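Structural overview for review
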Amino acid sequence: MKRRITALLLLAAMLAGLCACGGPGMNDTVLNVYNWGEYIDLDVLDTFTEETGIRVNYTTYASNEEMYAKIVSGAASYDVIIPSEYMISKMIGEDLLAPLNFENIPNYALIGDAYKGLDYDPENTYSVPYTWGTVVIVYNTKYVDEADVADESIELLWNEKYAGKILMFDNPRDAFALAHSKLGHSMNTQDPAEWEAAADELIKQKPLVQAYVMDQVFDKMISEEAYVAPYYAGDAITMMDENEDLAAYVPVEGANQFFDSMCVLKGSKHQAEAEAFINFMCRTDIAVLNAEEVCYAIPQVEAFNELDEETREDTMVYPPEEVLAKCEVFVDLPPETLLLQSELWTKTKTSYLLIAPENAIYVRENSMFLLYAHIPTRIVFEEVLFVTLFGIFASFIASFFASRGMAKLTVAEVLRND
Amino acid sequence: MNKGLAIGNNKVNLLPFSGWMVVFVLVPIALVVYYAFTDVDGFTLENLKWVGTYGKTLWLSVVLAFYATAICLLLAYPIAYSMSRASARVQRNATLIIMLPMWMNFLVRTYAWMTLLEDTGLINSALRAIFGMDFPGLRLINNHGAIVLGMVYNYLPYMILPIYTSMTKIGTSLIEAARDLGANGAQVLGRVILPLSVPGIISGITMVFIPSISTFIISKILGGGKDYLIGDLIEDYFLGNSGVVNYNIGAALSLTIMVMILAATFIMNHFDKDASTSGGGVI
């Protein structure tokens, strides 16, 4: 019922989808592929259409959560999606994915054994790995002292020397994973005390953070607006291509290792075509094209061997065994931990560590609900100052115009009186 | 109302609009209320209790929206006044200039401010070039000031236009009469122009305050995502960015803002009681 109501509300979105399906084409089948942004060599899609006659309606998302929200809202229907491992296990648990018919995916044999039967899909019934990678810490060699990165530690993100020049993930799962690693916790911990401790770390870090970002990290790191940022390995390489002063490492404390795998949604009307698409994506020449475009590590062995040597030996893309041993893969957290995570994330985002308690102002009980608030001193001084100065400046300009208006008025009056 | 003045049947004339209102305003509001008071098990007040825990965020949203509205009013009033007293050609051109930025996408405009305000942005680079030194203390972005600036920039036209509209309706003869009776500039402003422009001021305040209090993208882009505003929270609950998708709490938060805005509008309309007969507002 709920889904139906939502669907009704998002009528416009549906109509757009229908239009996309209704156009003429060489084949009536349109495959709806939903992938991460900038996560494919787009020419590959044309090749697929040329070879099979199946048209591809390609759309993208920025996070697993966004993709999930869109799918459960029922607002649009997709055939192939490429979520990360923890989202896959969540979706398997909720019966959202269709078991794959591997007879249609012969190229699955080319996937390395190390990437099969992982925890998120133990029998490999629902997913075919597309790429994998780790979270790395990107820094600008021009501004960050060598001594501070010599130990390749996660502590760089908490280094006060770079206050105001540090970026942080704007999504709780990745942000908390870094805090957990710093404290030596498992990033999949379900112990509330450990989550509280991690939140304290994030709150401690907050005054040093310039901004919480996702895709904006590219702009800010490349333009040297920020000096230090955690991000995904493949994207880090893209940034390093744009700005030669950037470097990156996998932190010694360990980082999140992720696997993004191709899945077919339950209820897809084009299961066979979807499987053909997955098989196509696993083909060696296509996998090589994609790997060269997105810069992430690939699980397809034959394609890996065709990559140039520099890429194959890049320890950031393909970290050595001992580093990978410290990395951890996300598992799907139970609802109560997710709720705690969401609460603590909001707490982090709404915290003002800089205020001394004696400066906090308490707003008394409101008739509507408990309105309890600290007004941070930052609002009271620094920023009110900025706002006020801006206001004064603005009103100066305004009164200048106003006085000219007044002058005009008197002239007009005089003329009329004459 | 004089029936002879109506063109066609009023009920029929209103049909398309009523239909629109029902489908796209009333039904969604009903859904928001429905979601706000239910969860999977049926009726509950839990969601509203959750809202209580976000007092800080609500307060910050109110404070920032208040600043933005106040600055907009301060800026808009003299501009609107000068415009209303200028020649028809100037009025036309001024309106065009004020509307001009709105032809551009809201997001693009806000991003543009980012490239202006950043440490390596245009303003700081220019200062560095002129004075030949760094201003490490000059942080223009990722703070509350920048969020307020973004709101003022984006919503200023919504303040200027209604005030301007109400001021054009103040006849020059009224001002002349006041002057004739010996009022000085300040008295003309305080006793004649200000009271007569109240309807415009009220529409302006409403039209700036409402989008300011519910904005989420400005705080993300210009505030560096460091402080949640209420709009960010609602977005999070509907899109699940923080790991939890919960339409019910999201709806409860939306409902809270709606009630607050409704209350504010009600109070403001109270002020407007005497002036409302003179008309002039947009809303």
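Nothing here was measured: the structure is a model prediction, and the numbers come from that model.

Residue and element names in this part refer to chain A. Following the criterion strictly, the structure yields 37 aromatic pairs over all chains and no others. Ring-pair connections join several aromatic residues into one group, and the members of that group are Tyr 34, Trp 36, Tyr 39, Tyr 61, Tyr 78, Tyr 130, Phe 169, Phe 218, Tyr 231, Tyr 232, Phe 258 and Tyr 296. Over the aromatic face of Tyr 68 sits the side chain of Lys 90, whose NZ or CZ is 4.8 Å from the ring centroid. The ring of Phe 330 is capped by Arg 173, whose NZ or CZ atom sits 4.1 Å from the centre of that ring.

Residues and elements named next belong to chain B. A surface patch of nonpolar side chains, amounting to about 870 Å² of accessible area, comprises Leu 14, Phe 17, Trp 20, Met 21, Val 22, Val 23, Phe 24, Leu 26 and Val 27. Note that Met 21 resides in helix H1 (residues 10-36). In this structure Met 21 comes out as partly exposed when scored by relative accessible area, which is 32%.

What follows covers the side chain of Asn124(A). Residues and elements named next belong to chain A. Within the fold, Asn 124 resides in the loop between helix H5 (85-93) and strand E4 (127-140). Side-chain polar atoms of Asn 124 contact the backbone nitrogen of Gly 117, separated by 2.4 Å. Among all residues touching Asn 124, those that are not within four sequence positions of it are Phe 102, Tyr 108, Lys 116, Gly 117, Leu 118 and Pro 129.

All names here are of chain A. As enumerated under the stated definition, the model contains 3 cavities of 30 Å³ or more in all. Taken together, Ile 111, Pro 129, Tyr 130, Met 262, Met 281, Cys 282, Ala 287, Asn 290, Ile 298, Pro 299 and Gln 300 make up the full set of residues lining the largest cavity. Where the lining of the largest cavity is concerned, the elements lending two or more residues are E4 and helix H12 (284-294). For the lining of the largest cavity, the residue count by class is 9 nonpolar, 2 polar and no charged.

What counts and what doesn't
- Residues numbered from 1 in each chain as written.
- Chains lettered and ligands numbered in written order.
- Predicted model: local features only at pLDDT ≥ 70, side-chain atom pairs only at ≥ 80, totals over all residues.
- Heavy atoms only, no water.
- Phe/Tyr/Trp six-rings, centres within 6.5 Å; stacked < 30°, edge-to-face > 60°.
- Lys NZ or Arg CZ within 6 Å of the ring centre and 35° of its normal.
- Patch = residues over 30% accessible without salt bridge, like charges linked within 9 Å, V, L, I, M, F, W, Y side chains within 5 Å.
- Areas by Shrake-Rupley, 256 points an atom, 1.4 Å probe, with all protein chains shown as cover.
- Salt bridge = Lys/Arg side-chain N within 4 Å of Asp/Glu carboxyl O.
- Helix = DSSP H or I, 4+ residues; strand = E, 2+ residues; numbered from the N terminus.
- Buried < 20%, exposed > 50% of the residue type's maximum accessible area, 1.4 Å probe, protein only.
- Polar contact = N/O pair within 3.5 Å; in protein donor to acceptor, adjacent residues only side chain to side chain.
- Contact = heavy atoms within 4.5 Å.
- 1 Å grid on protein atoms, 1.4 Å probe; cavity = no way out; pocket = protein on both sides within 12 Å on 5 of 7 lines; lining within 4 Å.
- Points joined across faces, edges and corners; volume = space filled by probe spheres on them.
- Nonpolar A, V, L, I, M, F, W, Y, C, P; charged D, E, K, R; others polar.

Purely geometric stuff here, so don't read any function into it on its own.
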